[in-house]
Structure formats: structure tokens, C-alpha cells
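In case you want the letters, here they are:
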Amino acid sequence: MKNVYKAHILFTKEKNKFDVFENGYIAVEDGIVQGVAGSLKELSAQCPAFNVESVKVIDFGNRLLIPAMNDMHVHAPQVHNQGVAMDLELLPWLQNYTFPEESKYADTHYAERMYRRFLHTQWLFGTMRSVVFGTIHTDSTRILMKLYQEAGMGAMVGKVAMNRNCPDTLSEDVESYIQGQEALIAEFGDKNALVRPIVTPRFVPSCTPELLRACGELANKYQLPVQSHLSENTSEIAWVAELEKESTCYGDAYNRYGLFGQTPTIMAHCVWTNGNELELMKKNKVMVAHCPTSNFNLSSGLAPVRTFLDEDLPIGLGSDISGGHDLNMFRMLVYAIQVSKMHYQLDKNKAFLTLPEIFWIATKSAGSFFGKVGSFEPGYEFDALVIDDEVLHPDEYSLLHRLERFIYVGDDRQILHRFCRGQEIKEPKMI
Ligand SMILES: [Zn+2]
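Residues numbered from 1 in each chain as written. Predicted model: local features only at pLDDT ≥ 70, side-chain atom pairs only at ≥ 80, totals over all residues. Heavy atoms only, no water.

Looking now at the sheet that holds strand β15 (residues 384–387). Read from one edge to the other, the open sheet built from seven strands follows the order β3-β2-β1-β4-β15-β16-β17, with strand pairing classed as mixed. Looking along the sheet, the strands with just one partner apiece sit at the ends: β3 (32–37) and β17 (423–424). With four bridges connecting them, strand β4 (residues 57–67) and β15 associate as antiparallel partners. Considered in β15, the bridge of Leu 65 is made with Val 386. (Pairing = 2+ DSSP bridges. Helix = DSSP H or I, 4+ residues; strand = E, 2+ residues; numbered from the N terminus.)

Have a look at this one:
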């Protein structure tokens, strides 16, 4: 299947600047970008085998064509709590709101209703790939994975491992966890599929050493990616130091169980990561999922994103609902810039983020966790959004300012088309 699209094309190949093609063209074959250029002639020269002349151009006119969004840390079963209890800190919030809500996912009917609502919102905001927490419940997690498959949207979905410091309704013994996880691996085992399992210990305080060991063994045995939480809040860090006395830092507690970069790993927050932990993350190429709204709402702190960038740590952005309140990833770019500006007030040596930097983080850098995703360079999967910013008075602005204004003041109503791996993604059904 071959397509050529025409629009104003913007993306970030490098982290410091946008590549802009005014009235540009992009060639896509079987979901993969073959070339991108300012004219059909240049496009044809760039990918002669594609045979540009034989393909009818789909013209999006005066609209913007940009890479789709990636949500690198999000709790699908917390969709009902979105915007609720935003006046608490992490640990009381977990006990009083999160755990009771997640317990409801033992009921697959409830799960399906909520997961459809969740997916629909992600679709609205143009999030085509996600790294997602489910709950401990295998059947409900399977429903979430199937809904992603049905929608055609990409996701790594975690059946959550937890067996201590939580209500009985959310505790699963090690044997039963392994069984459930292996059932999902058998069912969703294709490594090239858009929807894949990811090993998901909730966080160290929720998992006994036996459970953490089982998680590490599963990740290694099936070469699965890993996600969890890291150094979000100072009381949490003190708790982990108490629980895992032999670890040199919180990150080392995961590392000792094979859950810190032995397979591709993403850790949410890293607000207080420095010293040993930062070095270990660099060495093991662990990706940071920066979740600015969650860090504000739960009063966790300001993550040192400039340091992560300077140290070349892989990084992406996460909505982290319902610690975060917003599933609109474009708004996450805005919040991340704002956090970096506050950080700059504390340390003037740490420059705040620029728009190309945060766009690069949200697209090409985050997308690298899924393979070649998040850019329009040849060889990348075509995950894209067509933005119709007519209501934002586009004629008075440059293309870059149009994009910036869409990010800051636009919303889902300006997203006209969504593509994931070359397929146009239609509105998922709600019930
Ligand atoms: Zn989280």
C-alpha cells in the first residue's frame, strides 16, 4: 500500500531544531516513511523505487502534518479518578483512591466500560502509542490489550505485579502472577505487533523480593520490556531504602532483580534521581518517563529534565493519570517547559527547555522505545496527525508559531486525522 501526502510537514530529526517542509510531501509504503521533501521532484529523487508519479497525492491543503503523540506512562484503570483527590500526596492518595478504584477491575464488565472510555480519550488527543499500566487482573488486562488491537493503536500493556502493602483485593501471589503473565505473553507474543505485554512491578514497596525476582526472570526469559516507578517522592525513597537495605539506591533495587535495563526499561518520574542512580540509568540506558502534571499534583518535586538531556538519558513524556489530570499529551509539552522554567529558577546553570527540545522528547526520543517511531525520516513508521488550526487564525503566523499555538491553546477539535503505522485510526467505539 503506497500513499503520498501533501501538507505543511513539521518534525524534529534533531533535538535542537524543527525540520519544516512548507507544502511538503511525504511518501509512505506499508506504513513506513520512504521519503519527505519540499516538492514532488525532490521526493521522486529521494526514493526512486517508490515510483512517486504512479501514486495519487492526498492533499491536506493548509494543514499541519506532525508525528503523533506517545504517552510513556499512564494508568488506564485510573481513568475514573481523573481530576479527583488532587489535594493529596502520593502515599495517602494511593491508599484512599487508587487502590479502591483498581480493585473494581476484578469485574471485567466494569473494566471494559472504563477502558473504552480511556482509549477513546487517548484517540481524541492523538496519542497513538502508549506504555500502560493495567491492574493485577489478567482478564481485564486482556480486554485492554484487545481494545488497543481493535482500535489499531500501539501499546505496551502491563499486568501489574503486586503482593504487599496493598489491600487483599489487589494482592496476587507469585505463582498466580506468573501464570497470568505467561498466558498474556502466549496470546500477545508477536514482537512486531502493535500491542505487546510489558513486565510491570508496580513499585518496590508493592512487591516482595520473590515477586521482583519473578518479574526479572519473566523479562529475561521472554525478552520483554519493563516499566515501573522510580524516585518519585522523598518518603517513597526512604521507604525503599528501608525495604531493600542492600541496594545502593532505589534504581539499584530494581537492578538487582534484572529490572533496570537488562531488557528495554522505562521508569516513571525520576524526580529525585542523581548520583549513583543517574550513573546506573545512563549505563543501562533506562528511559525516563517525565510526568510533569503528576509531579505537581502529588507535590513530588521538579524533575531535572535538563540534566537528563545533558547526560543523554533517553526520555519521554507521560500523562500518568490519575496522578496527572490530563490525557492531552500536547498539554504535557507545555507543562514540561513550565517545570523546566521553575527548575531554572532554582539553578540558573540548567537552561529551561525549548519548543524543539520538548517536541523531540515527546516524539522521536519517546518513540524510540517502540522502535523507529516519532519522526518522518525514511524508515520510520508513519504515526502522524493532521492538524486543522483554521480557528486559530493560521494566516497571521509562521508555521512554527502555528504549531506552538496549537500545542499551547489548541485541543482535540483541531485534530482532523490520526495515523498509526500508516493506518488511519477511526474513532473507537464507546459503550
Ligand atoms: Zn504512575
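Anyway, onward from the coordinates.
Compared with an ideal rise of 1.5 Å per residue, which puts 14 residues at 20 Å, helix α4 (residues 138–151) spans 20 Å between its outermost C-alpha atoms and is within 8% of the ideal. Of all 14 residues in α4, 10 are buried, a share of seventy percent or more. Along α4, the residues classified as buried are Thr 138, Ser 140, Thr 141, Arg 142, Ile 143, Leu 144, Met 145, Leu 147, Tyr 148 and Ala 151. Those residues of α4 that are buried lie in contact with α3 (108–124), β6 (127–133), β7 (154–158), α5 (174–187) and β9 (195–197). Positive backbone phi, at 85 degrees, marks Gly 152, one or two positions downstream of α4. (Expected span 1.5 Å × (residues − 1). Buried < 20%, exposed > 50% of the residue type's maximum accessible area, 1.4 Å probe, protein only. Contact = heavy atoms within 4.5 Å.)

Before going further, it helps to spend a moment on the pattern of salt bridges. All chains considered together, the criterion is met by 23 salt bridges. With a closest N to O distance of 3.3 Å, Asp 388 and Arg 63 form a salt bridge. Of this pair, Asp 388 sits in the loop between β15 and α14 (399–409) while Arg 63 sits in strand β4; the two residues are 325 residues apart in sequence, bridging distant segments of the chain. Overall, Arg 63 belongs to the partly exposed group, its relative accessible area being 28%. Two residues, Arg 142 and Glu 187, come together in a salt bridge whose shortest N-O distance is 2.8 Å. (Salt bridge = Lys/Arg side-chain N within 4 Å of Asp/Glu carboxyl O.)

A few words now on the sheet that holds strand β12 (residues 265–269). The parallel open sheet is built from four strands, whose spatial order is β11-β12-β13-β14. Here the strands that pair on one side only, and so sit at the sheet edges, are β11 (226–230) and β14 (315–317). Averaged over neighbouring strand pairs, the angle between their axes works out to 25 degrees when direction is ignored. Two strands pair when backbone bridges link them, and β11 and β12 are joined in this way by five bridges, in the parallel orientation. Bridging across to β12, Val 226 finds its partner in Thr 265. This element, helix α13 (residues 355–367), spans β13 (287–290) and β14 of the sheet and lies at about 105 degrees to β14. (Axes fitted to C-alpha atoms, helices over the stretch in contact; angles between N-to-C directions.)

Within the largest apolar cluster, 108 residues are counted, with the highest numbers of intra-cluster contacts made by Phe 118, Tyr 148, Val 199, Tyr 254, Leu 317, Ile 358 and Ile 407. Among the nonpolar cores identified, the runner-up in size contains 16 residues, and Ala 7, Ile 26, Val 33 and Phe 419 belong to it. (Core = buried A, V, L, I, M, F, W, Y, C linked by side-chain atoms within 4.5 Å.)

Put simply, the ideal angle at a metal is 109.5 degrees for four donors in tetrahedral geometry and 90 or 180 degrees for six donors in octahedral geometry. At this site the zinc ion is bound by His 73 (NE2), His 75 (NE2), His 229 (NE2) and Asp 320 (OD), with donor distances of 2.1 to 2.5 Å. Around the zinc ion, the four donor atoms are arranged such that angles at the metal cover 85 to 175 degrees; this shape is classified as irregular. All donors to the zinc ion come from one chain, and their sequence spacing reads H-x1-H-x153-H-x90-D. With a gap of 154 residues between them, His 75 in strand β5 (residues 69–75) and His 229 in strand β11 connect regions that are remote in the sequence. Here His 75 matches His 229 in class, with each residue buried. (Donors = N, O, S within 2.8 Å, 3.2 Å for Na, K, Ca; no water. Tetrahedral: all angles 85-135°; square planar, octahedral: opposite > 155°, others 65-115°.)

For the structure on display, the rule yields 16 aromatic pairs. Their ring planes at 35 degrees and their centres at 5.7 Å tell us that Phe 376 and Phe 382 sit as a pair that is tilted. For the pair shown, Phe 376 and Phe 382 are each scored as buried. Ring pairing ties together the aromatic residues Tyr 5, Phe 11, Phe 21, Phe 60, Phe 376, Phe 382 and Phe 419, which thus form one cluster. (Phe/Tyr/Trp six-rings, centres within 6.5 Å; stacked < 30°, edge-to-face > 60°.)

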